[in-house]
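For reference, the chains in residue letters:
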Amino acid sequence: MAWFRKSKKPREVVKERGRSSVPEGLWVRCGGCREIIYAKELKHNQQICPKCGYHFRIGARERIALLIDEQSPRELFNDIEPDDPLEFRDSKTYRARLEESQKRTGERDAVVVIEGHVEEKPVVMAVLVYSFMGGSMGSVVGEKITLAAERALARRVPLLIVSASGGARMQEGVLSLMQMAKISSALARLRESGVPYLSILTDPTTGGVTASFAMLGDLNIAEPGALIGFAGPRVIEQTIRESLPEGFQRSEFLLEHGFLDLVVARGELKETVSRCLGHLS
């Protein structure tokens, strides 16, 4: 079998280790239909999947730009800084986590409060920042939302709160839980005075935020498919030892069972809010 012998060694295949010719972040996989979407198309469509309507999460500043007329609305209470009264530590210190989130997001804490207009209607608006420690509600969030409610009451203009949160901030313990009653009391004064409050719930809105101000609006409006609830589905299933219905704790399920007033797609939200403000005012 001499004729079968190889006279030359096969050439070694060298894999190129250079960067891919496809730029990173050019394509995005949809969390709903799992299709691949061109990132620029997704951005042009307000971060909504053009194929199935799945709503991607967006940042607080993007939310403000979608709802408010002004390109640079006036920001309120931006000088309030978080503290570490319990000197809390888990795998990191609380101060380290705060500094890390501030550096990454450019925000001082998990809420932004602004004054502006929605289709020429004046509002005070608070928007939770989910990218800052999961939008968790600590003392700063409670203080700024309470001040926003008091500002709306003093000016007699509607209050909007856009929620996106994992709930109370465990690093502040009972001080965080106190914010639930504090904000609820401020909202009660708004209602007694006849000043409208619209609550907009986005994905996710859970824990102490759901158990307080997020569900106290004169109208509670949610985006499609948003997870809304107090305890998570897995915790509930383990507690009651039963399987939950399909779509449990999603916007459409809550609307069907009377917990929400409206489920509105992101592209129609500004017009819907404006129309609701017109009726309530």
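As shown above, the structure is provided for reference.
Since this is a predicted model, take the numbers as computed values, not measurements.

K.L.:
Could you give an account of the overall build of the chain, naming the residues involved and the relevant values?
P.N.:
Scanning the chain for helices and strands turns up 9 helices and 10 strands. The C-alpha atoms of the chain give 24 Å as radius of gyration, which overshoots the globular expectation for 281 residues (19 Å, by more than 25%). When its C-alpha atoms are laid out on the principal axes, the chain stretches across 100 × 50 × 45 Å. Across the 281 residues in the chain, those meeting the buried criterion constitute 41%. Residue pairs at least 24 apart in sequence account for 66% of intrachain contacts in the chain once pairs closer than 6 positions are excluded. Taken as a whole, the chain presents about 16300 Å² of accessible surface, with 51% of it coming from carbon and sulfur. Mean positive and mean negative side-chain charge positions of the chain (39 and 37 charges, respectively) differ by 11 Å.

K.L.:
Break down the environment of Ala-211 for me, citing the residues and quoting the values.
P.N.:
Turning to its location among the elements, Ala-211 is positioned in the loop between helix 6 (207-210) and strand 8 (219-222). Taking C-alpha positions, Ala-211 is 16 Å from Ile-221, a pair spaced 10 residues apart along the chain. Excluding anything up to four places from it in sequence, Ala-211 contacts Met-180 and Phe-230.

K.L.:
So, the environment of Asp-218: which residues are in play, and what are the values?
P.N.:
Tracing the backbone shows Asp-218 in the loop between helix 6 and strand 8. Classification of Asp-218 as partly exposed rests on a relative accessible area of 30%. Considering only alpha carbons, one finds Asp-218 and Ile-228, 10 residues apart in sequence, at a separation of 18 Å. Among all residues touching Asp-218, those that are not within four sequence positions of it are Arg-191, Val-195, Pro-196, Tyr-197, Asp-261 and Leu-280. Engagement of the side chain of Asp-218 in a polar contact is seen with the side chain of Arg-191, the distance being 3.3 Å. Looking at Asp-218, its side chain comes within polar contact range of the main-chain nitrogen of Tyr-197, at 2.7 Å.

K.L.:
Go over the nonpolar core, please, and point to the residues and values.
P.N.:
In this structure, Met-125, Ile-145, Leu-159 and Phe-213 are the most contacted members of the largest nonpolar core, which totals 58 residues. Per-element accounting of this core gives the leading share, 6 residues, to strand 5 (residues 121-128). Ignoring sequence-local partners within four residues, the contact set of Met-125 consists of Ile-64, Leu-67, Ile-68, Val-112, Val-113, Ile-114, Leu-160 and Val-162. Counting residues in hydrophobic clusters, the runner-up holds 5 residues, among them Cys-30, Ile-37, Cys-49 and Phe-56.

K.L.:
Explain helix 9 (residues 266-280) to me, using residue names and the numbers behind them.
P.N.:
The end-to-end C-alpha distance of helix 9 is 21 Å, a good match for the 21 Å that 15 residues give at a rise of 1.5 Å each. Along helix 9, the residues classified as buried are Arg-266, Leu-269, Thr-272, Val-273, Ser-274, Cys-276 and Leu-277.

K.L.:
Hey, could you go over the packing of aromatic side chains for me, with residue numbers and the actual values?
P.N.:
Following the criterion strictly, the structure yields 3 aromatic pairs and no others. Here Trp-27 and Tyr-38 contribute two aromatic rings whose centre-to-centre distance is 5.3 Å and whose plane-to-plane angle is 50°, an arrangement assigned as tilted. With Trp-27 in strand 1 (residues 27-29) and Tyr-38 in strand 2 (residues 36-38), the pair connects residues that are 11 residues apart, well separated along the chain. Arranged with centres 5.1 Å apart and planes meeting at 85°, the rings of Tyr-54 and Phe-56 form a pair that is edge-to-face.

K.L.:
Go over the state of the cysteines with me, naming the residues and quoting the values.
P.N.:
As enumerated under the stated definition, the model contains 0 disulfides in all. Residue Cys-52 stays outside any disulfide, its sulfur separated by 3.5 Å from that of Cys-30, the closest cysteine. Accessibility expressed as a relative area gives 40% for Cys-52, which makes it partly exposed.

K.L.:
Can you explain unusual backbone geometry? Please cite residues and give values.
P.N.:
Of the consecutive residues Asp-203 and Pro-204, the connecting peptide bond is found in the cis state with omega at -10°. Positionally, Pro-204 belongs in strand 7 (residues 197-206). Although it is not a glycine, Met-133 sits at a positive phi angle of roughly 50°. Within the secondary structure, Met-133 sits in the loop between strand 5 and helix 4 (139-155). Overall, Met-133 belongs to the buried group, its relative accessible area being 18%.

Conventions adopted
- Residues numbered from 1 in each chain as written.
- Predicted model: local features only at pLDDT ≥ 70, side-chain atom pairs only at ≥ 80, totals over all residues.
- Heavy atoms only, no water.
- Helix = DSSP H or I, 4+ residues; strand = E, 2+ residues; numbered from the N terminus.
- Rg over C-alpha atoms; globule rule 2.2 N^0.38 Å.
- Buried < 20%, exposed > 50% of the residue type's maximum accessible area, 1.4 Å probe, protein only.
- Contact = heavy atoms within 4.5 Å.
- Areas by Shrake-Rupley, 256 points an atom, 1.4 Å probe, with all protein chains shown as cover.
- Lys, Arg positive; Asp, Glu negative; His and termini not counted.
- Charge placed at Lys NZ, Arg CZ, Asp CG, Glu CD.
- Polar contact = N/O pair within 3.5 Å; in protein donor to acceptor, adjacent residues only side chain to side chain.
- Core = buried A, V, L, I, M, F, W, Y, C linked by side-chain atoms within 4.5 Å.
- Expected span 1.5 Å × (residues − 1).
- Phe/Tyr/Trp six-rings, centres within 6.5 Å; stacked < 30°, edge-to-face > 60°.
- Disulfide = S-S within 2.5 Å.

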